[in-house]
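# Structure at a glance
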Amino acid sequence: MGKVKKTTRKFNQKHLKNELERRSKNKKSQELIKKRELKKNRRSGNSGSDGEEEGFTGIEEVDDLTGFAESTLDGADADMSKFVESDPEDGGDSEGSTDSEDVAALLGDDIDDSDDENYDNVSSRSNGSDDDDDTGSEFDDEDVFKKDLEAMKSKDPEFFEFMKKNDPNSLKILEQSSGEEDEEDEEDESQESEPEDQDVEMVDGTKAPVKLAGTLVTVGMLGEWEKEIKKNHSIKALKQLLLAFYSASHMESESSKSANSVYRIEGMKIFNKTVSTSIRVAPAAFGRLAPVVNGKVSKKVSKKWNVVQALIKSYLTSLLELLKQMSDPTMIQYLIKEAERMVPYIACFVRYTRNFVKELLRLFGSPAVDDGVRILVLLSLRQLVFLAPSEVTDIALKGIYLTYVRHSNVKNISSLTTIQLMRNCGVELYGTNAKASYQHAFVYIRQLAIHLRNSMQLRSKESFRAIYNWQFINSLNFWTEVLSTYCGERAEEKPDLCATLESLVYPLTQIILGVVRLVPTAKYFPLRIHCLNQLLRISSATGIYIPLLPMIIEVLESPEFLSRRPIKSTLKPLMIESHLKVPKEYEHTRVYLEVILENVFGLLADAFASQSVRIAFPEWAVPAILQLRRWRKRVGGSWARFSKQLQGLLEKIDQTSLLVQQKRSKVDYAPSNLSGANQFMQDTSPERTPIGVYAASLRKIRAQQRATLVEAEVEN
């Protein structure tokens, strides 16, 4: 195309943007009406059901926040539902344009050499157009719009043809007013608007390949563009490079539209050269044209922002498209690192921010990527949350939790490591914003409580199955880690977050206790141990007392140990970490009960160790000591190895009680002095007490046994 005329530039400045925004709003409203009608139809269609609520599956119920209308979070559900309901391709933001329109902006403004020399003139002209947009209400008048289109058709037919190809809907108003035109002229214009180099359909239905349109990119062209950008800071050369980058990134997704491409990429050598050159040169050029000040792009400081934002959008479109197509973990890591350099620019555009977050979350949950990709995703999301508005924070927090829940089903031993890493990444992201983290934690913990209440009321197999599954248990694990981290270990680092989240410790503890008591049978001992570990984690980290010993001793006093004789078996030891319910072949077997005893004694040691520096430890431990000695006397002969282990545990408890009594004899305050009692043995770590050292040794032994079992299962 030749140089665009002055009238065309005025039309672009005054009318084109408003027209595209108007059509985008109309499209959104129509889609919204259709969605509402579909919802009404679905509700009316489901009204005849029996009304029984479905159980927790980890995806739909977590994502459905309509049940929280009675909560005190005003508008929280509506804000967080945007992530699922909104389509990133819709123009739901201030930019309101599609990827093809961004590239059309590059094609429409044909920047010549004079533009490279006169940045100030271009920016002042662009700034002046904003005032015209504010006072351009006359564009709503249909007659004025018709006259402008007719004038453009007569004075600049070349741009009229461009509009006809790329935006035919905006010209329908002319077709309504000029219905008496000759049909032959309309056919000629439609033929001229078609691309010249497309496949020709033959008589037999096949298509004959013809030569593709577009200039073939060569290594020499890429080198010349790079030289012009680095030495002369040429915007024109940068524009040509980005158009070539767009063609390279859309080779697969838009192969059928290759005739509309300005440049054509052939061969992997040219493809790799184009991508590497663009990724290496473009960010540096953007840094010169729109510098980043204090981590953000300041539009007031950047005089050329109105000129360069179309270039930035084109680069981001190509980079995100390329990220979607890559499957090699090394290349994905490289692209994420390069995208992280563009985070200040991505944060300037809501649509690209949403697309970027969506793509990062897809990679975060993909089983095809490695742990390095997930860590880079976390770093990019953290940086984006700090720079972008609060809406992006809600999208990121909700998205990373839902992605974790969707992929939290434990299928084998190897999946435990991935789930643990995803949980740690989610916990880290929830430490970025206290208010948003509390809102999301409140909503999702309350949803878990609702599912537990429904299960306790229905008391059916389906309702129990809705609770006793990996997605529900791993959801509890997630919030346990969040509260234990920011209300315990990192409370001093982030006191505001600790004060905000501390009120959620009690409801989460009650939910876990309810899950423990829902089905208290021997086949669900593994699930009980998982829940007891969660409670122990909360109690140890936050210092809040939770009565764990009665629930632990309940396992020892079950009929499996007191009245039933275990079945001998040659099965291999059970990995309790990857099971919630014991397999049928392990039920009532000695192998299974030995694994349970090992974990129970480990829980007992950890529970005593967590309270070993309390001033009332000697008196607090007496009831549990009596029950354990009674159990050892009654069934110790059947479990000789564990009887000796229990004897060692009781000796360490007695030693710790003597230590506390010696320290307590030196204090000079009464038991009513609670502040003094809370300061008792504050300088002594629970890990240094006799029971603490013993508990640490048991944890080390269990870790070695677990590693051996994992290696054996991986080899098999």
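Rules used in this analysis
- Residues numbered from 1 in each chain as written.
- Predicted model: local features only at pLDDT ≥ 70, side-chain atom pairs only at ≥ 80, totals over all residues.
- Heavy atoms only, no water.
- Disulfide = S-S within 2.5 Å.
- Axes fitted to C-alpha atoms, helices over the stretch in contact; angles between N-to-C directions.
- Helix = DSSP H or I, 4+ residues; strand = E, 2+ residues; numbered from the N terminus.
- Parallel < 35°, antiparallel > 145°, perpendicular 65-115°, else oblique.
- Left-handed = near helix turned anticlockwise from the far one by under 90°.
- Contact = heavy atoms within 4.5 Å.
- Nonpolar A, V, L, I, M, F, W, Y, C, P; charged D, E, K, R; others polar.
- Core = buried A, V, L, I, M, F, W, Y, C linked by side-chain atoms within 4.5 Å.
- Buried < 20%, exposed > 50% of the residue type's maximum accessible area, 1.4 Å probe, protein only.
- Polar contact = N/O pair within 3.5 Å; in protein donor to acceptor, adjacent residues only side chain to side chain.

Glancing now at the state of the cysteines. Throughout the structure, instances matching the rule amount to zero disulfides. Sulfur of cysteine 498: no disulfide; nearest cysteine sulfur belongs to cysteine 487 and is 4.4 Å away.

Quick look at the packing of helix α23 (residues 470-489) against helix α26 (residues 525-542) now. Between two packed helices, both the angle of their axes relative to each other and the distance between the axes serve to describe the pair. Between α23 and α26, the least distance of the axes is 8 Å, while the angle of their chain directions is 10°. Judged by the inter-axis angle, α23 sits roughly parallel to α26. Handedness of the α23/α26 crossing: left-handed. In this structure, α23 uses Trp470, Ile473, Leu476, Asn477, Thr480, Glu481, Leu483, Ser484, Thr485, Cys487, Gly488 and Glu489 to contact α26, whose residues at the interface are Leu527, His530, Cys531, Gln534, Arg537, Ile538, Ala541 and Thr542. Taken together, the residues of the contact of α23 with α26 sort by class into nine nonpolar, eight polar and three charged.

Among the nonpolar cores identified, the biggest contains 173 residues, and Phe286, Tyr315, Trp479, Val515, Leu604 and Phe608 are the most heavily contacted of them. Top contributing element to this core by residue count: helix α29 (residues 590-610), with 14 residues. The residues contacting tyrosine 315, other than those within four sequence positions of it, are Leu242, Phe245, Ser278, Ile279, Ala282, Pro283, Phe286 and Met342.

This next bit is on the environment of tyrosine 263. If you trace the backbone, tyrosine 263 turns up in strand β4 (residues 263-264). For the pair tyrosine 263 and valine 217, spaced 46 residues apart in sequence, the C-alpha separation works out to 6.3 Å. Leaving out residues up to four positions away in the same chain, tyrosine 263 has contacts with Thr215, Val217, Met221, Trp225, Gln240, Leu243, Ala244 and Ser247. In this structure the side chain of tyrosine 263 is engaged in a polar contact, spanning 2.4 Å, whose partner is the side chain of glutamine 240.

Take the packing of helix α17 (residues 350-365) against helix α18 (residues 371-387) next. The contact between α17 and α18 brings their axes to 9 Å, and the two run at 155°. Judged by the angle between their axes, α17 and α18 are roughly antiparallel. Seen along the crossing, α17 lies across α18 with a hand that is left-handed. Residues Thr353, Phe356, Val357, Leu360, Leu361, Leu363 and Phe364 of α17 lie in contact with α18, whose contacting residues are Val373, Arg374, Val377, Ser380, Leu381 and Leu384. Looking at the contact of α17 with α18 residue by residue, the class counts come to ten nonpolar, two polar and one charged.

As far as function goes, none of this settles anything; it's purely spatial.
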